[in-house]
Amino acid sequence: MNATGVGRAIADGVLHTARLFAPARKAPVVDVAGRTFVVTGATPGSLGYVVADKLACWGGDVVATCLRDPARLERSLTDGMSGVAGGGRVTASRLDLADRASVEAFARSTEERLEGRLHVLINNAGILKGMFAGRREPEYAPDGREVHWRTNYLGAFHLTRLLFPMLERAARESGDARLVNVASHQHVRARNEQLFDPAACRDSWDAYGLSKLAMVHMCAELHRRHGAAGDFRAVALHPGTVYTNMIAEGLASDPRLRVLRPVLQRLTRSLLLTPAAGAQTVLWCATAASVQGGRYYERCAPAPPSAEVLDQEAGARLWEASARWADS
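This section reports on the structure supplied with the text. It should be emphasised that the depicted structure is a prediction, and the values quoted were computed from it without experimental measurement.

## Things to note about the sheet that holds strand β8 (residues 301–302)
Link 1 in the chain: The strand order across the open sheet built from eight strands is β3-β2-β1-β4-β5-β6-β7-β8, with neighbouring strands paired in mixed fashion. The sheet is open, and its two edges are formed by β3 (90–94) and β8, each paired on a single side.
Link 2 in the chain: Relative to strand β4 (residues 120–123), strand β1 (residues 36–39) runs parallel, the two sharing three bridges. Among the inter-strand pairings, V38 is bridged to a residue of β4, identified as L121.

Here is the structure:
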């Protein structure tokens, strides 16, 4: 990690530590019976798993996704609801956001499963490669695109476009449909000019931050295009710095940390937020009546995003470029 990266890491650490000692904010329980949700990236131990579990326990019909073993995920979520009065229905499906065929197959099956109505899409799935090891060259997905950009942003954009007609229908019929993008504070690392050359990001953290900046832009632009009537809301959020599978896998992936790994795992677990704590802002954005479309949220409240997000021209240009890719 270079000097700039070290400085950013220290600044992020100070900010996170300050928030650890701030009063916790918790999303209130909301009766979501009759509402349908898709939660991507819901592997046990993840932020998405907690979100899917809570929404189902609050009465929602939830489709959760994972990359491997959806049958195991569905059993786990269903077992967790045992004894919960008024709980909703939960199903699980495989979804690989870096695979166009997987995204399209999931969209088709979800339309059938939810009978053409989707109230809330939560784009939570994401990756961060080389978290501690760094990288000298960009890593690419099978289709030749930078892997963070392809998975975290393009895959989520493609899925959102395919499922949007279901969101529109639910918005008309219920007056409340939402897109919730789980972004990250790391989006402040990126600049708009990089959006049109994502492979130029040599550092994994910069590539990750760029994909999250695109996720925030996606919500802002979708709200400008479809949020005027007030029945559809698109919001992005930072869940906090959470100890999830992504952190654990990052520690495990670097051979240089082999000896220190047990100590680092205990240390990070104790310092970072739990998935249950990190899920609160996601749940808030997915259910709270006061959520405002087109905004960015932290700690269950509106927060200022990077100034780059305010550039509407860049957001529109990114949308059009992404749509051309999705339609190709």
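## Brief notes about the packing of aromatic side chains
For any pair of aromatic rings, geometry is given as the distance between the ring centres together with the angle between the planes.
Link 1 in the chain: All chains considered together, the criterion is met by five aromatic pairs.
Link 2 in the chain: Consider the rings of Y153 and F157, whose centres lie 5.9 Å apart with planes at 45°: the pair is tilted. One end of the pair is Y153 and the other is F157, both in helix α5 (residues 147–174) and four residues apart, which spans about a single turn. Like F157, Y153 is buried.
Link 3 in the chain: With centroids separated by 4.8 Å and ring planes inclined at 75°, the aromatic side chains of F157 and W319 adopt a geometry described as edge-to-face. Separated by 162 residues along the polypeptide, F157 in helix α5 and W319 in helix α10 (residues 312–327) bring together distant segments of the chain.
Link 4 in the chain: Judged by its relative accessible area of 1%, F157 is buried.
Link 5 in the chain: With a relative accessible area of 10%, W319 lands in the buried category.
Link 6 in the chain: What links up through ring pairs into an aromatic cluster is the set W149, Y153, F157 and W319.

## Quick notes on the layout of surface pockets
Picture a little ball the size of a water molecule; that probe, rolled over the atoms, points out where space is still empty.
Link 1 in the chain: One number sums up the size of the second largest pocket: a volume of about 240 Å³.
Link 2 in the chain: As for the second largest pocket, its lining consists of 15 residues, and the residues nearest its centre are A220, G294, P305, V309 and L310.
Link 3 in the chain: The class makeup of the residues in the lining of the second largest pocket is 10 nonpolar, three polar and two charged.

## Points about helix α9 (residues 275–287)
Link 1 in the chain: The terminal C-alpha atoms of α9, which comprises 13 residues, lie 18 Å apart, in line with the 18 Å expected from a rise of 1.5 Å per residue.
Link 2 in the chain: The sharpest bend along α9 reaches about 30° and sits at T281.
Link 3 in the chain: The buried fraction of α9 is high, at 11 of 13 residues.
Link 4 in the chain: Among the residues of α9, P275, G278, A279, Q280, T281, V282, L283, W284, C285, A286 and T287 are the ones counted as buried.

## Some thoughts on the nonpolar core
Link 1 in the chain: Formed by 50 residues in total, the largest nonpolar core has its most connected members in Y153 and F232.
Link 2 in the chain: Contributing elements (two or more residues each) for this core: α4 (100–113), α5, β5 (177–182), α6 (204–226), β6 (232–238) and α10.
Link 3 in the chain: Sorting elements by how many residues they give to this core places α5 first, with 12 residues.
Link 4 in the chain: Not counting residues within four places of it along the chain, the set of residues in contact with Y153 comprises H148, S211, A214, M215, M218, L318 and S322.

## A closer look at the packing of α6 against α10
Link 1 in the chain: One way to put it is that α6 packs onto α10 with a least axis distance of 9 Å and a crossing angle of 95°. Classified by the angle between their axes, α6 and α10 sit roughly perpendicular to one another. Contacts from A214, H217, M218, E221, L222, R224 and R225 in α6 reach Q312, A314, G315, A316, L318, W319 and E320 in α10.
Link 2 in the chain: Among the residues making up the contact of α6 with α10, the classes are represented as seven nonpolar, three polar and four charged.

## Regarding the side chain of T65
Link 1 in the chain: Within the secondary structure, T65 sits in strand β2 (residues 61–66).
Link 2 in the chain: The class for T65 is buried, based on a relative accessible area of 2%.
Link 3 in the chain: Within polar-contact distance, the side chain of T65 engages the backbone nitrogen of G41 at 3.0 Å.
Link 4 in the chain: Apart from the residues within four sequence positions on either side, T65 is in contact with V39, T40, G41, A42, T43, L73, S93, L95 and F106.

## Looking at unusual backbone geometry
Link 1 in the chain: Phi at E115 takes a positive value of approximately 55°, unusual for a residue other than glycine.
Link 2 in the chain: Turning to its location among the elements, E115 is positioned in the loop between α4 and β4.
Link 3 in the chain: A positive phi angle, close to 60°, is found at C300, a residue other than glycine.
Link 4 in the chain: Relative to the helices and strands, C300 is located in the loop between β7 (296–298) and β8.

## Points about the environment of D197
Link 1 in the chain: Relative to the helices and strands, D197 resides in the loop between β5 and α6.
Link 2 in the chain: Take D197: its relative accessible area is 44%, and that puts it in the partly exposed class.
Link 3 in the chain: Along the primary structure D197 and E146 are separated by 51 residues, whereas in three dimensions their C-alpha atoms are 9.6 Å apart.

## Section: α10
An α-helix turns once per 3.6 residues; consequently, residues spaced three or four apart project the same way.
Link 1 in the chain: Between its first and last C-alpha, α10 extends 22 Å over 16 residues, near the 22 Å set by a 1.5 Å rise per residue.
Link 2 in the chain: Restricting attention to buried positions, one finds in α10 the residues A314, G315, L318, W319, S322, A323, W325 and A326. End-on view of α10: buried residues confined to an arc of 165°, all on one side of the axis. Facing away from the buried surface of α10 by more than 90 degrees, the exposed residues are E313, R317, R324 and D327.
Link 3 in the chain: Those residues of α10 that are buried are in contact with α4, α5 and α6.
Link 4 in the chain: Regarding α10, its N-cap is D311, as a side-chain oxygen of that residue lies 3.2 Å from the backbone nitrogen of E313 further along.

About the criteria used
Residues numbered from 1 in each chain as written. Predicted model: local features only at pLDDT ≥ 70, side-chain atom pairs only at ≥ 80, totals over all residues. Heavy atoms only, no water. Pairing = 2+ DSSP bridges. Helix = DSSP H or I, 4+ residues; strand = E, 2+ residues; numbered from the N terminus. Phe/Tyr/Trp six-rings, centres within 6.5 Å; stacked < 30°, edge-to-face > 60°. Buried < 20%, exposed > 50% of the residue type's maximum accessible area, 1.4 Å probe, protein only. 1 Å grid on protein atoms, 1.4 Å probe; cavity = no way out; pocket = protein on both sides within 12 Å on 5 of 7 lines; lining within 4 Å. Points joined across faces, edges and corners; volume = space filled by probe spheres on them. Nonpolar A, V, L, I, M, F, W, Y, C, P; charged D, E, K, R; others polar. Expected span 1.5 Å × (residues − 1). Bend = angle between axes of the 7 residues up to and from the residue. Core = buried A, V, L, I, M, F, W, Y, C linked by side-chain atoms within 4.5 Å. Contact = heavy atoms within 4.5 Å. Axes fitted to C-alpha atoms, helices over the stretch in contact; angles between N-to-C directions. Parallel < 35°, antiparallel > 145°, perpendicular 65-115°, else oblique. Polar contact = N/O pair within 3.5 Å; in protein donor to acceptor, adjacent residues only side chain to side chain. Arc of directions from axis to C-beta.

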